[in-house]
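Listed below, chain by chain, are the residues.
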Amino acid sequence: MSELEIKSLEEQFDARIARDEKIEPKDWMPEKYRQTHIRQISQHAHSEIVGMLPEGNWITRAPSLRRKVALLAKIQDEAGHGLYLYSACETLGISREELYEQLHSGKAKYSSIFNYPTLTWADMGAIGWLVDGAAIINQVPLCATSFGPYARAMVRVCKEESFHQRQGFQIMMTLAEGTPEQKAMAQDALNRWWFPSLMMLGPTDDASVHTEQSMKWKLKRKTNDELRQQFVDQTVPQADMIGLTIPDPTLKWNAETKHYEFGELDWDEFWQVVKGHGPCNKIRIDARKKAWSNGEWVRDAAMAYAEKQANKEVKQAI
Ligand SMILES: [Fe+2]
Ligand SMILES: [Fe+2]
């Protein structure tokens, strides 16, 4: 293809996105668009399945049958989210094996928040409330992103995330209304998860390298700092409502801007965790690698079965 032809294809492509048309897997797309989407969708898929690990740790220790059922359903939803997203990513021409290989080798990232440990039952509340709450803020705009399979997956994912957020908040509310020990446990979980949740919305705008291009492709509608502000403005009144204290002494309402002002975040800690030095990075990746090797016989059996069925169909056709 000549340079001129590519330029004209690119112009048509940009015009389609500007008109809010969806780009489908078989449509022509610039290589950079394909690569960026593989990176972002796979990072999202990996976050879903790694995110199952800190919570999976609490299924057997949930305090009642009702809590156990709700937590189990929530974690299963996350597996489903991973499945839609890996499938959406595969339509861009990368195999599931390659995607897993990138996760296991550390080449692909996942949300850093899952590298923190879950120390008490209240962490299940804080994760649902704050981590899934921040995920919703990130993901709702993606329902209108330009790549069709990603946008459609997000519609269902967001509905389920809102259940996750409520089940988490409900756990926190119950603990906050409980005995002084239970309330202290909820407060301790909020203290530990607050700042990592704010950082989950990504580096500050001046340190974010992908924002401009992602805005153009509608992979982003708001900057990281705008999303973070939205999260703080939405979450602080919820903490007030259940009588818990946001662990930030500098937090204050600005009546003029109608936003909360909040303190500096520890970006050194954020980058340390991203680079693999968080408290649980190794445990998480080891758990994923173990799941992959334990599942080998299932994959082999499924492939053998599929081959057998295909041969049967060929024979019948003859
Ligand atoms: Fe999810
Ligand atoms: Fe979730």
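Residues numbered from 1 in each chain as written. Chains lettered and ligands numbered in written order. Predicted model: local features only at pLDDT ≥ 70, side-chain atom pairs only at ≥ 80, totals over all residues. Heavy atoms only, no water.

Naming follows an unreviewed UniProt entry, where the protein chain appears as 1,2-phenylacetyl-CoA epoxidase, subunit A of Flavobacterium sangjuense.

Trainee: I'd like a description of the overall build of the protein chain, backed by residues and values.
Mentor: Helix and strand content of the protein chain: 13 helices and two strands. Over its C-alpha trace the protein chain gives a radius of gyration of 22 Å, about what one expects of a compact globule, namely 20 Å for 318 residues. In terms of its C-alpha atoms, the protein chain occupies a principal-axis envelope of roughly 75 × 50 × 35 Å. Within the protein chain, the fraction of its 318 residues that count as buried is 47%. Partitioning the contacts of the protein chain with sequence separation of at least 6, the portion at a separation of at least 24 is 76%. For the protein chain, the accessible surface area stands at approximately 16,700 Å², while carbon and sulfur atoms represent 57% of it. (Helix = DSSP H or I, 4+ residues; strand = E, 2+ residues; numbered from the N terminus. Rg over C-alpha atoms; globule rule 2.2 N^0.38 Å. Buried < 20%, exposed > 50% of the residue type's maximum accessible area, 1.4 Å probe, protein only. Contact = heavy atoms within 4.5 Å. Areas by Shrake-Rupley, 256 points an atom, 1.4 Å probe, with all protein chains shown as cover.)

Trainee: Break down the domain arrangement of the protein chain for me, with residues and values.
Mentor: According to the domain assignment, the protein chain contains domain 1 (3-245) and domain 2 (279-317). Each of domain 1 and domain 2 has a C-alpha centre, and the two are 26 Å apart. Domain 1 puts 13 residues into the contact, and the matching count from domain 2 is nine residues. Carbon and sulfur atoms make up 68% of the area that domain 1 and domain 2 hide from each other, which totals about 1,100 Å². It is Leu53, His104 and Asn115 that lose the most area in domain 1 upon contact with domain 2, and together they represent 49% of the buried surface on that side. Where domain 1 touches domain 2, the interface holds zero salt bridges. Taken together, the links from domain 1 to domain 2 amount to three residue pairs in polar contact (both at pLDDT 80 or more). Elements represented by at least two residues in the side of domain 1 that touches domain 2 include exactly α2 (31-50), α3 (52-56) and α5 (96-105). Ranked by residues supplied to the side of domain 1 that touches domain 2, first place goes to α5 with four residues. Looking at the side of domain 1 that touches domain 2, its residues break down into ten nonpolar, two polar and one charged. (Domains from an automatic or database assignment. Buried area = accessible area lost by both parts, 1.4 Å probe. Salt bridge = Lys/Arg side-chain N within 4 Å of Asp/Glu carboxyl O. Polar contact = N/O pair within 3.5 Å; in protein donor to acceptor, adjacent residues only side chain to side chain. Nonpolar A, V, L, I, M, F, W, Y, C, P; charged D, E, K, R; others polar.)

Trainee: Tell me about the coordination of the iron ion (ligand 2), residues and numbers included.
Mentor: At this site the iron ion (ligand 2) is bound by Glu78 (OE), Asp132 (OD), Glu161 (OE) and His164 (ND1), with donor distances of 1.9 to 2.2 Å. For the iron ion (ligand 2), the four donor atoms in the first shell make angles of 88 to 163° at the metal, so the coordination geometry reads as irregular. Spacing between the donor residues of the iron ion (ligand 2) along their common chain follows E-x53-D-x28-E-x2-H. Between the iron ion (ligand 2) and the iron ion (ligand 1), a separation of 3.4 Å is found, and both are coordinated by Glu78. Of this pair, Glu78 sits in helix α4 (residues 65-90) while Asp132 is found in helix α6 (residues 122-139), placing the two residues 54 residues apart along the sequence. (Donors = N, O, S within 2.8 Å, 3.2 Å for Na, K, Ca; no water. Tetrahedral: all angles 85-135°; square planar, octahedral: opposite > 155°, others 65-115°.)

Trainee: Give me the lowdown on α5, citing residues and values where you can.
Mentor: Residues of α5 that are buried: Leu99, Tyr100, Gln102, Leu103 and His104. The secondary structure elements touched by the buried residues of α5 are α2, α4 and α12 (281-294). Phi turns positive one or two residues past the end of α5, at Gly106, with a value near 90°.

Trainee: Any chance you could break down helix α11 (residues 267-277) for me, citing the residues and the numbers?
Mentor: Where α11 is concerned, the buried positions are Trp267, Phe270 and Val273. Buried residues of α11, viewed axially, fall in a sector of 125°; they line one side. Among the exposed residues of α11, those oriented more than 90 degrees off its buried face are Asp268, Lys275 and His277. On its buried face, α11 sits against α8 (180-199), α10 (224-241) and α12. (Arc of directions from axis to C-beta.)

Trainee: I'd like to hear about the pattern of salt bridges, residue by residue, with values.
Mentor: As enumerated under the stated definition, the model contains 18 salt bridges in all. The closest approach of N and O atoms between Asp20 and Lys218, which form a salt bridge, is 2.9 Å. With Asp20 in the loop between α1 (3-18) and α2 and Lys218 in the loop between α9 (211-216) and α10, this residue pair connects regions lying 198 residues apart in the sequence. By relative accessible area, which is 15% here, Lys218 ends up buried. Put simply, Lys282 and Asp286 hold a salt bridge, and the shortest N to O gap is 2.7 Å. Of this pair, Lys282 and Asp286 both sit in helix α12, separated by four residues, roughly a single helical turn. Lys282 sits in the exposed class, given a relative accessible area of 61%. One salt-bridge network, in which partners are shared between bridges, spans Arg16, Arg19, Glu21 and Asp27.

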